[in-house]
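# Notes for the structure review
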Amino acid sequence: MATQFQSLLNSYGEDVSDKSQTLLQIITKFASAYCSTIEGTARNIETTELCGGARICYIFHETFGRTLDSIHPLAGLSKMDILTAIRNATGPRPALFVPEVSFELLVKRQIRRLEEPSLRCVELIHEEMQRIVQHCGNEVQQEMLRFPKLHEKIVDVVTQLLRRRLPHTNVMVENIVAIELAYINTKHPDFHKDAALVPSLLKTDSDPYSQMNLGQRRANTPRNHMSPQVSAQQQQQNNQQQQQQQYSEAHEQNHVGENSTPSMASTWLSNILPPAPTRPDSIENSASNTPVHNNIVSPVKPVNLLPDMPVNHNPRRLTDKEQKDCDVIERLIKSYFYIVRKSIQDSVPKAIMHFLVNYVKDNLQSELVTHLYKSDRAETLLNESDHIAVRRKEAADMLKALTRANHIISEIRETHMW
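It should be emphasised that the depicted structure is a prediction, and the values quoted were computed from it without experimental measurement.

## Thoughts on the overall build of the protein
In terms of helices and strands, the protein carries 17 helices and zero strands. By the burial criterion, 29% of the 418 residues in the protein qualify as buried. Excluding contacts between residues fewer than 6 apart, the proportion of contacts in the protein whose partners are at least 24 apart in sequence is 89%. For the protein, the exposed surface amounts to about 28600 Å²; the carbon and sulfur share of it is 53%.

## With respect to the environment of Leu399
Mapped onto the fold, Leu399 is located in helix 17 (residues 386-417). C-alpha separation for the pair Leu399 and Phe5, spaced 394 residues apart in sequence, amounts to 6.1 Å.

## Looking at helix 2 (residues 19-39)
Look at helix 2: 30 Å from first C-alpha to last across 21 residues, which is about the 30 Å you get at 1.5 Å a residue. By the burial criterion, the buried members of helix 2 are Thr22, Leu23, Ile26, Ile27, Phe30, Ala31, Ala33, Tyr34, Cys35, Ser36, Thr37 and Ile38. Positioned one or two residues after helix 2, Gly40 has a phi angle of 80 degrees, which is positive.

## Some thoughts on the packing of aromatic side chains
The geometry of an aromatic ring pair comes down to the distance between the two centres and the angle between the two planes. A full pass over the atoms with the stated rule returns four aromatic pairs. Centre to centre, the rings of Phe103 and Phe191 are 5.7 Å apart; their planes meet at 15 degrees, and the pair counts as stacked. Linking Phe103 in helix 5 (residues 100-111) with Phe191 in helix 9 (residues 189-196), this pair joins segments that are 88 residues apart in sequence. A residue is classified by how much of its surface remains accessible, and Phe103, at 3% relative accessible area, is buried. The buried category is assigned to Phe191, whose relative accessible area is 2%. Between Phe191 and Tyr336, the ring centres sit 5.4 Å apart and the planes meet at 90 degrees, which makes this aromatic pair edge-to-face. On the criterion of sequence distance, the pair formed by Phe191 in helix 9 and Tyr336 in helix 15 (residues 320-372) is long-range, its members being 145 residues apart. The class of Tyr336 is buried, set by a relative accessible area of 3%. Site record: aromatic cluster; members linked through ring pairs are Phe103, Phe191 and Tyr336. Between the NZ or CZ atom of Arg165 and the centre of the ring of Tyr359, over which it lies, the distance is 3.9 Å.

## Section: the pattern of salt bridges
One pass over the structure, following the stated rule, counts 12 salt bridges. A salt bridge links Glu49 to Arg131; its shortest N-O distance comes to 3.6 Å. Pair noted here: Glu49 is in the loop between helix 2 and helix 3 (53-69) and Arg131 is in helix 6 (residues 115-131), with a separation of 82 residues, a long-range link. Under the relative-accessibility criterion, Arg131 is labelled partly exposed at 28%. A cluster of three or more residues bridged by salt bridges with shared partners is formed by Glu49, Arg55, Glu128 and Arg131.

## Overview of helix 5
Its 12 residues place the ends of helix 5 17 Å apart at the C-alpha level, agreeing with the 16 Å of an ideal helix rising 1.5 Å per residue. Buried residues of helix 5: Ser102, Phe103, Leu106, Val107, Gln110 and Ile111, and no others. Buried residues of helix 5 fall within an arc of 160 degrees about the axis and therefore sit on the same side.

## Focus: the packing of helix 8 (residues 148-182) against helix 15
Where helix 8 meets helix 15, the axes come as close as 8 Å, and the angle between the chain directions of the two elements is 155 degrees. Taken together, the axes of helix 8 and helix 15 are roughly antiparallel relative to one another. Considering how the two elements wind past one another, helix 8 and helix 15 form a crossing that is right-handed. Considering only residue class, the contact of helix 8 with helix 15 consists of 22 nonpolar, four polar and five charged.

## Points about the confidence of the model for the protein
Within the protein, residue pLDDT values average 75, and 64% of them lie at 70 or more. Considering each helix and strand of the protein separately, the mean pLDDT is smallest for helix 14 (residues 280-284), with a value of 44, and largest for helix 6, with 96. Here residues 204-230 scores under 50 on pLDDT; set against residues more than four positions off or in separate chains, the count is six contacts.

## Describing the side chain of Ser118
Here Ser118 lies in helix 6. With residues up to four places along the chain from it excluded, the contact list for Ser118 reads Phe64, Val173, Ile344 and Val348.

## Notes on the nonpolar core
Counting 72 residues, the largest nonpolar core has Phe30, Tyr34, Phe103, Ile125, Met129, Leu150 and Ile344 as its most contacted members. Residue contributions to this core peak at 19 residues, all from helix 15. Leaving out residues up to four positions away in the same chain, Ile125 has contacts with Ile56, Ile59, Phe60, Ile352, Leu356 and Val357.

## A closer look at the packing of helix 4 (residues 79-90) against helix 5
Each pair of packed helices can be described by the angle between their axes along with the distance between the axes. Interhelical geometry of helix 4 versus helix 5 gives an angle of 135 degrees and a closest axis separation of 8 Å. Between helix 4 and helix 5, the interaxial angle falls into the category oblique. When the axes of helix 4 and helix 5 are compared, the crossing they make is right-handed. Contacts between helix 4 and helix 5 involve Asp81, Ile82, Ala85, Ile86 and Ala89 on the former and, on the latter, Val101, Ser102, Leu106 and Arg109. Among the residues forming the contact of helix 4 with helix 5, the class breakdown is six nonpolar, one polar and two charged.

## Describing the environment of Val158
Its place among the elements puts Val158 in helix 8. Linking Val158 and Gln365, residues 207 residues apart in sequence, is a C-alpha distance of 9.9 Å. If we ignore the near neighbours within four places in the chain, the residues touching Val158 are Phe30, Tyr34, Val133 and Leu364.

Reading the values: rules and limits
- Residues numbered from 1 in each chain as written.
- Predicted model: local features only at pLDDT ≥ 70, side-chain atom pairs only at ≥ 80, totals over all residues.
- Heavy atoms only, no water.
- Helix = DSSP H or I, 4+ residues; strand = E, 2+ residues; numbered from the N terminus.
- Buried < 20%, exposed > 50% of the residue type's maximum accessible area, 1.4 Å probe, protein only.
- Contact = heavy atoms within 4.5 Å.
- Areas by Shrake-Rupley, 256 points an atom, 1.4 Å probe, with all protein chains shown as cover.
- Expected span 1.5 Å × (residues − 1).
- Phe/Tyr/Trp six-rings, centres within 6.5 Å; stacked < 30°, edge-to-face > 60°.
- Lys NZ or Arg CZ within 6 Å of the ring centre and 35° of its normal.
- Salt bridge = Lys/Arg side-chain N within 4 Å of Asp/Glu carboxyl O.
- Arc of directions from axis to C-beta.
- Axes fitted to C-alpha atoms, helices over the stretch in contact; angles between N-to-C directions.
- Parallel < 35°, antiparallel > 145°, perpendicular 65-115°, else oblique.
- Left-handed = near helix turned anticlockwise from the far one by under 90°.
- Nonpolar A, V, L, I, M, F, W, Y, C, P; charged D, E, K, R; others polar.
- pLDDT = per-residue confidence, 0-100.
- Core = buried A, V, L, I, M, F, W, Y, C linked by side-chain atoms within 4.5 Å.

As structure tokens, this is what we get:
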């Protein structure tokens, strides 16, 4: 029992004789425990949850890393957006090649999406640095419970220090993204390989050599082996000519009994004049509105040279050239976006460590000494809480009683031995 109460009395601490020295010892102990929690060298390690440096590492490589990996290079970018950017980059002139300006505009738009998760990573590290105050070890926690006013001031100094460093860290992270946006390095070693493949991706059948080869293939192809589409068109034309001829013969036979034999002029006209076009509404009244040209009526339906535009709310189908241009831009955007994302995923944690974490570690003790170690404030900060003083007195009295009882038991034992 004496051993137990002795350890309890040690936890409550001894009476403060030199308050300035005690204040400096507490400040130094807190700063050392704070840095040890970040570095992972603290005596008492948490086993229930991640804290300190382990939590910071988890935020860097799990939370922030997975968030960046989940951002697709072409998210929010459709093929029509890419095609519109290509057209806007060429102005009034039709583009012979894919303009580089459209690639830069689109890839910058995608790189800007990396700024928000980077700033969110800074906020998470700031919150964890604030929580480390609660995980500074049992020794410091006992001192904090013993001097509640000192504990409040220490938390206030740490909070103010972190708050002052937060804007500098945010500015640096924003500058990292701005640096990537300032210059699109198309000569990057990892990007240059994909950029070199662009000419091969743009090769189409529109090249002169491919057209010559295609013409030679068509010339060497026998007429009996025409494509199904061409043969179908010729069959349709033959059917229309047969129908026209049968209709003309029937019409001439109907007029043989009523009129005389057609004159040479009418026969000549029927041979050289094209069929008269008829509208759909005039076909129903063909008996009364028969077109002239020797009563020749054409059964061929009219051909509309300017067909009506189809009403379709879906995006139009891209041509082969437009599709290839979009594919080239998409491939270049993916390649360069992956390069920038890898760079930001590496640079942002380094910037946070330099401007926030390491700065706080290096300057925490000097900040605490500057704001707290003053002779006129030592009396106020080292005022113990009432329950700690009462418990210390009870533990001291109990320890004295146990020590006295132990002496009495020893005397009785010695008496019996003699």
